[in-house]
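Given next are the chains, with one letter for each unit.
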Amino acid sequence: MSTDVATPHLPGEDLVAPPPRQRLVVPGSRNAVVARTVRYALLIFFVLIVLMPLYVLVVTSFKSGREIGVNGQWNLPTEWTFASWTKAWTALGPSFVRTLQLAIPVALISSFIGAANGFVLSRWRFPGADVVFTLILFGMFIPYQAVMIPLREVVVWLGIPSGIPTLIFVHTIYGIPICTLIFRNYYATIVPVEIIEASKVDGAGLLRTFWSIILPISMPGFVVTIIWQFTSSWNDYLFAIFLSNTRNGPITIALNALAGAQSPDYAASMAGALITSLPTLLVYILLGRWFIGGLMAGSVKN
Amino acid sequence: MATNTQVPAEVRPPGGSQPGRTHRPGRMHWHSRLRQWGPGLLLLSPSLILLAIFVYGLIGWTINLSMQDRHTARPSKGFVGLDNYVNLFANDISDRFVHSLKNLAVFTVVFIGGTLLLGLLWAFLLERGAKAEGVFRTVYLFPMAVSFVASGVVWRWLMNAGTGENAGGINAIFEDLGLGFLENPWWTHPNWGMAAMAMPAIWQLSGYIMALFIAGFRGISHDLREAAYVDGATSYQLYRHVLFPQLTPTVLSALIITGHMSMKMFDLIMSVSGAQWITEVPAVYVWQTLLTSDYAKSAAISVFLLVVVALVIVPYLVHVNRAEKRS
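Residues numbered from 1 in each chain as written. Chains lettered and ligands numbered in written order. Predicted model: local features only at pLDDT ≥ 70, side-chain atom pairs only at ≥ 80, totals over all residues. Heavy atoms only, no water.

A. Up close: the overall build of chain B. For chain B, the count of helices and strands is 13 helices and zero strands. Helices and strands in chain B line up, N terminus first, as α-α-α-α-α-α-α-α-α-α-α-α-α. Long-range contacts, defined as pairs at least 24 residues apart, comprise 69% of the intrachain contacts of chain B with a sequence gap of at least 6. Per element, the accessible surface of chain B, about 14500 Å² overall, is 64% carbon and sulfur. (Helix = DSSP H or I, 4+ residues; strand = E, 2+ residues; numbered from the N terminus. Contact = heavy atoms within 4.5 Å. Areas by Shrake-Rupley, 256 points an atom, 1.4 Å probe, with all protein chains shown as cover.)

B. Just the overall build of chain A, in detail. For chain A, the helix and strand inventory stands at 11 helices and zero strands. Counting from the amino terminus, helix and strand elements in chain A follow one another as α-α-α-α-α-α-α-α-α-α-α. Each of the 302 residues in chain A was classed as buried or not, and the buried ones make up 62%. Of the contacts made within chain A by residues no fewer than 6 positions apart, 75% connect residues no fewer than 24 positions apart. (Buried < 20%, exposed > 50% of the residue type's maximum accessible area, 1.4 Å probe, protein only.)

C. Expanded view of the pattern of salt bridges. Counting across every chain of the model gives eight salt bridges over all chains. The salt bridge involving E280 of chain B is made with R96 of chain B; its shortest N-O contact spans 2.7 Å. Taken together, the positions of E280 of chain B in the loop between helix 11 (267-272) and helix 12 (282-291) and R96 of chain B in helix 3 (residues 96-126) put the pair 184 residues apart, joining distant regions of the chain. Salt bridges here are not isolated pairs; linked through shared partners, they connect R125, D130 and R184 of chain A. (Salt bridge = Lys/Arg side-chain N within 4 Å of Asp/Glu carboxyl O.)

D. View of the packing of helix 1 (residues 30-61) of chain A against helix 3 of chain B. Closest axis-to-axis distance for the helix 1 of chain A/helix 3 of chain B pair is 10 Å, and the angle between their directions is 135°. If you check the angle between helix 1 of chain A and helix 3 of chain B, you find them oblique. Helix 1 of chain A and helix 3 of chain B meet at a crossing whose hand is left-handed. Along its contact with helix 1 of chain A, which presents R39, L42, L43, F46 and V50 of chain A, the element helix 3 of chain B presents L118, L121, W122, L125 and L126 of chain B. Per-class residue counts for the contact of helix 1 of chain A with helix 3 of chain B are nine nonpolar, no polar and one charged. (Axes fitted to C-alpha atoms, helices over the stretch in contact; angles between N-to-C directions. Parallel < 35°, antiparallel > 145°, perpendicular 65-115°, else oblique. Left-handed = near helix turned anticlockwise from the far one by under 90°. Nonpolar A, V, L, I, M, F, W, Y, C, P; charged D, E, K, R; others polar.)

E. Highlighting the packing of helix 3 of chain B against helix 7 (residues 193-219) of chain B. All names here are of chain B. For the pair helix 3 and helix 7, interaxial distance at closest approach is 6 Å and the crossing angle is 40°. Taken together, the axis directions place helix 3 and helix 7 in an arrangement best described as oblique. Taken as a pair, helix 3 and helix 7 cross one another with a handedness that is right-handed.

F. Summary view of the interface of chain A and chain B. Counting residues at the interface gives 111 residues for chain A and 118 residues for chain B. In this assembly, chain A packs against chain B so that about 10600 Å² is buried in total across both faces, 70% of it on carbon and sulfur atoms. The tally of links from chain A across to chain B stands at zero salt bridges. Applying the counting rule to chain A against chain B returns 18 residue pairs in polar contact (both at pLDDT 80 or more). The greatest single-element share of the side of chain A that touches chain B, amounting to 16 residues, is contributed by helix 1 of chain A. (Buried area = accessible area lost by both parts, 1.4 Å probe. Polar contact = N/O pair within 3.5 Å; in protein donor to acceptor, adjacent residues only side chain to side chain.)

G. Main features of helix 6 (residues 193-201) of chain A. Residues and elements named next belong to chain A. The complete set of buried residues in helix 6 reads V193, I195, I196 and S199. For helix 6, the angular spread of the buried residues around the axis is 165°, confining them to a single face. Downstream of helix 6 by one or two residues, G203 has phi in the positive range, about 90°. (Arc of directions from axis to C-beta.)

H. Representation of the environment of P165 of chain A. Residues and elements named next belong to chain A. Among the secondary structure elements, P165 is positioned in helix 5 (residues 164-190). Among the residues examined, P165 registers a relative accessible area of 35% and is labelled partly exposed. Note: C-alpha distance between P165 and V155 (10 residues apart in sequence) is 9.9 Å.

I. Representation of the packing of aromatic side chains in the model. Residues and elements named next belong to chain B. Summed over the entire model, instances satisfying the criterion amount to 37 aromatic pairs over all chains. Its end group placed over the ring of Y295, R70 keeps NZ or CZ at 4.4 Å from the ring centre. The ring of F124 is capped by R128, whose NZ or CZ atom sits 5.3 Å from the centre of that ring. (Phe/Tyr/Trp six-rings, centres within 6.5 Å; stacked < 30°, edge-to-face > 60°. Lys NZ or Arg CZ within 6 Å of the ring centre and 35° of its normal.)

J. Quick look at helix 5 (residues 148-158) of chain B. Most of helix 5 of chain B sits out of view: 11 of its 11 residues are buried. Within helix 5 of chain B, burial applies to F148, V149, A150, S151, G152, V153, V154, W155, R156, W157 and L158 of chain B.

K. How the structure looks around a nonpolar patch on the surface. A surface patch of nonpolar side chains, amounting to about 400 Å² of accessible area, comprises V34, V38, L42, F45 and I49 of chain A. Look at L42 of chain A and you get partly exposed, because its relative accessible area is 30%. (Patch = residues over 30% accessible without salt bridge, like charges linked within 9 Å, V, L, I, M, F, W, Y side chains within 5 Å.)

L. Structural detail: the nonpolar core. Judged by nonpolar contacts, the single largest core of 188 residues is most densely connected at L151 and Y174 of chain A together with Y140 of chain B. Of all the elements, helix 7 of chain B adds the most residues to this core, at 17 residues. Non-local contacts of Y140 of chain B, meaning those with residues more than four positions away in its chain, are made with L42, L43, F46, V47 and V50 of chain A together with W122, L126, G207 and M210 of chain B. Core analysis: the next-biggest nonpolar cluster, separate from the first, contains nine residues, L88, F97, V286 and V303 of chain B among them. (Core = buried A, V, L, I, M, F, W, Y, C linked by side-chain atoms within 4.5 Å.)

M. Expanded view of unusual backbone geometry. Residues and elements named next belong to chain B. With phi around 55°, D95 is a residue other than glycine that occupies positive phi space. With respect to the helices and strands, the residue D95 is situated in the loop between helix 2 (83-90) and helix 3. One non-glycine residue with positive phi stands out, namely W186, at about 50°. Along the chain, W186 falls in the loop between helix 6 (170-176) and helix 7.

N. Spotlight on the environment of A146 of chain A. Tracing the chain through its elements places A146 of chain A in helix 4 (residues 145-157). Using a relative accessible area of 1% as the deciding quantity, one classes A146 of chain A as buried. Once residues lying within four places of it in the same chain are set aside, the contact partners of A146 of chain A are L58, I59, T62, S302 and L306 of chain B.

O. Fine view of the confidence of the model for chain B. Summarising the model, chain B shows a mean pLDDT of 85, and 91% of its residues fall at 70 or more. For the stretch residues 1-23 of chain B, pLDDT sits under 50, and the model shows 53 contacts to residues farther than four places along the chain or on other chains. (pLDDT = per-residue confidence, 0-100.)

Below, the structure written as structure tokens:
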């Protein structure tokens, strides 16, 4: 198990692979210079467009109430103030903590379940495993509205406390398909069949093989699923609105309450939107490569 | 075709990328089969049971509910077959359901078209490698990490419907640049508002589609480019006749992903406009109907959505499954 393990291949890794070298236009020629200039001009233009909402968020969140008018909306604040951040944090703080209590267990539990499932479906297969896998996968694409009405009754019937415990339960369940998919593809790529066969010859059972051979090399897969599940349960609004309220729900509900009023306080709303986005943005900036891995898995065909 | 864009041959483990077969052909006693497959099935069974109940069971429950005469919080007054579905199309007040479908159609066309175009353009600009490529990619993709609820806050501000002296948000920029004719009411426009509503969604997901396309470009064998180069193809010919045709599977994935997301669009609309007639789509209608305790109608709209999504997703899953077996 020494050779292939060193080269884990993840969905999305092609993005990190070096680009092809291509010299169809003679470098230094006038055409090449023009093409290059146009290309970078476009790239930078789109950077400005994409960052524009972020600029608005930051700038507005630091403005005082007097400056949130019609004039000079796009200008920097004449006077920077943290007042709106304080106000937003007062409104969102409790739900921020609750959302951490939601997203962390969800990420860990569904990743473990996904690892076990992915292992069975890629390396300890049984007849009909492909059909079973497809049936599991379907659960990832359904509009959750189609289960939501009875789901509300079932979680009550099961006696799960409403709010965060209920949301942990449902996010874990509906996260199983994507986690299974990510791990199945991961194991199918990095774990040679021979290792499993050898392990079987040595008399190791499924759990033993999974525990002592597979899990130790699963870290990259776990990083991808944990990020994915953390982000999607942090950002979720649909389950939250059906299964919780502003007093016991996650931060998206609280933000919507803060920003959704008829005449919203834009400075506080925008500070709130930034606070809400901070954890997932941090994850993205620090672990971007693995974040992309999860995204690529979402396209199934890896 | 499903794998050729993803796994370079040299990193494929011996035995190919196809999941290994742990069973051998030939006759086996049932107990030895059980020994081989049993533990795997056992490990998988909690998930299978949960998904059987919470995906398929609850879908069945919703389908049943959608065929009941249950329009209040009280128990059903009986089975009515497909009446609730027929009523959605034939007897809905002000044709509300049809209206929500029209909104969804406009949104979907603009959203899919916009993300695919921008995603492809960005991938095209970056696929040969650019200076600071990583920075561009990171910026283009960052909106994906933000929730629709949070981005809705800023897009509501940006898409301020005021014009002229009252211009705000993007309209204010148009006003300042002397592009007053571009000012528009955005999502509050009665016919084309949903096209504006698609803008935040395009902003958020184009980076994702770009990532798919870059992976697609980079998965194309270098030999193909070499061959085109040796044959003296121009850049235009290279892309038009060699590279773009190779991206067909990526386009298919991108269509499926954006398409099924669009059908389910809920968070963004709730955040930008709230539940309003003018921007109502079926996913929002489900929620609004549930608030009035019209369970059967809410279920019928949900099932309708599910069927539309399934019509797209099921053939795709079958296709992927087959392609994997072939490889």
